[in-house]
Amino acid sequence: MSKEISLATVKEHNKPNDLWLVIDNKVYDVTKFLLEHPGGEEALTSVAGTDATKDFNDVGHSEEARELLKKFYIGNLAASDIKKKPPVVGCREIGLAVGAILMGMALVYVIKRGMAKN
């Protein structure tokens, strides 16, 4: 079973000589990788002690980089710190909402037109 690490604990490790970060709800100690990082030290120190998932994914790291990351894995982010993803709204829901709005507008038009004739 993997060790659970709170985000508060990760935040304490935010220095170049003690650098942890979170990527995809997994905690990594990348202190020893700091000088080897192809993007330079700044790329890691700027996200030290944080959830760096977005930054990591935005760069478009290779499969090789993702494999290398496994060497630095130290545990999972605590369940209480994992952000819940908002539900995805699909085309069906959007279509139903637009349809309901159009029907409501048509109904208002018909009622107003009917009242204008009286």
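Model, not experiment: these values are computed from the prediction.

The rules behind the values
- Just so you know, the residues in each chain are numbered from 1, in the order the chain's sequence is written.
- A pLDDT threshold of at least 70 governs which residues receive local features in this predicted model, and a stricter bar of 80 or more applies before side-chain atom pairs are shown or counted, although totals over entire chains, interfaces and linings include all residues.
- Computation of side-chain values: all heavy atoms of the structure, hydrogens and water removed.
- Pairing between strands requires that DSSP locate at least two bridges from one strand to the other.
- Strands are runs of DSSP state E lasting at least two residues, helices are runs of H or I lasting at least four, and both sets are numbered from the N terminus onward.
- Throughout, exposure labels follow a simple rule: accessible area from a 1.4 Å probe, protein chains only, divided by the maximum for the residue type, with under 20% read as buried, over 50% as exposed, and the rest as partly exposed.
- Only heavy atoms matter for contacts: two residues are in contact if any of them lie within 4.5 Å across the pair.
- Buried Ala, Val, Leu, Ile, Met, Phe, Trp, Tyr and Cys residues that are joined via side-chain atoms within 4.5 Å together make up what is termed a nonpolar core.
- The rule for a salt bridge is simple: a side-chain nitrogen of Lys or Arg has to be within 4 Å of a carboxyl oxygen of Asp or Glu.
- You can read pLDDT as the predictor saying how much it trusts each residue, on a scale of 0 to 100.

Asker: Got a minute to help me understand the pairing of strand E4 (residues 26-29) in this structure?
Answerer: For a regular strand, side-chain orientation follows a simple rule: the groups alternate between the two sheet faces. With 4 bridges connecting them, strand E3 (residues 18-23) and E4 associate as antiparallel partners. From the neighbouring strand, tryptophan 20 faces E4, where its bridge partner is aspartate 29. Counting the residues that bridge the hairpin from E3 to E4 gives 2 residues, and of these aspartate 24 lies at a positive phi of roughly 50°. Inspection of the sheet shows E4 paired to strand E5 (residues 73-77) by 3 bridges, in the antiparallel sense. Bridge pairing in E5 links valine 27 to glycine 75.

Asker: So what exactly am I meant to see when it comes to the sheet that holds E3 here?
Answerer: What holds strands together in a sheet is hydrogen bonding between their backbones, with the strands either parallel or antiparallel. Strand order in this open sheet of 5 strands is E1-E5-E4-E3-E2, and the pairing throughout is mixed. Edge positions in the open sheet fall to strand E1 (4-5) and strand E2 (14-15), since each of these has one partner strand only.

Asker: Hey, could you run me through the environment of methionine 105 in this one?
Answerer: Turning to its location among the elements, methionine 105 is positioned in helix H5 (residues 91-117). According to the relative accessible area criterion, methionine 105 is exposed, its value standing at 55%. For methionine 105 and glutamate 36, which are 69 residues apart along the polypeptide, the C-alpha to C-alpha distance reads 62 Å.

Asker: For this particular structure, what's the right way to read the side chain of threonine 53?
Answerer: Position of threonine 53 among the secondary structure elements: in helix H3 (residues 53-59). With a relative accessible area of 16%, threonine 53 lands in the buried category. The residues touching threonine 53, leaving out its near neighbours within four places in the chain, are Val22, Ile23, Asp24 and Asn25.

Asker: So what exactly am I meant to see when it comes to the nonpolar core here?
Answerer: Note on soluble globular proteins: their nonpolar side chains tend to be buried together. Judged by nonpolar contacts, the single largest core of 14 residues is most densely connected at Leu19, Leu21, Ile23, Tyr28, Val30 and Leu44. With 3 residues, the single largest contributor to this core is E3. Those residues within four positions of tyrosine 28 in sequence are excluded, and the remaining contacts are Leu19, Trp20, Leu21, Ile23, Leu69, Phe72, Tyr73 and Ile74. Core analysis: the next-biggest nonpolar cluster, separate from the first, contains 6 residues, Ile5, Val10, Trp20 and Val27 among them.

Asker: Teacher, can you tell me more about the pattern of salt bridges here?
Answerer: Two side chains with opposite charge may pair up if their charged atoms get near one another. Here the structure, examined in full by the defined rule, presents 2 salt bridges. Here lysine 54 ties to aspartate 58 by a salt bridge, and the two come within 2.7 Å at their closest N and O atoms. In this pair, lysine 54 and aspartate 58 are both assigned in helix H3, 4 residues apart and thus about one turn of the helix distant.

Asker: Which parts of the structure should I look at to understand the confidence of the model for the protein?
Answerer: Averaged over the protein, the pLDDT score is 90; the fraction of residues at 70 or greater is 96%. Mean pLDDT across the elements of the protein bottoms out in H5 (86) and peaks in E4 (97).

Asker: Hey, could you run me through unusual backbone geometry in this one?
Answerer: Excluding glycine, residues mostly have negative phi values, and the peptide bonds linking residues are mostly trans. Its identity is not glycine, yet aspartate 24 carries a phi of approximately 50°, on the positive side. Here aspartate 24 lies in the loop between E3 and E4. The partly exposed category is assigned to aspartate 24, whose relative accessible area is 42%. Backbone geometry places asparagine 25, a non-glycine residue, at a positive phi of 65°. With respect to the secondary-structure elements, asparagine 25 resides in the loop between E3 and E4.

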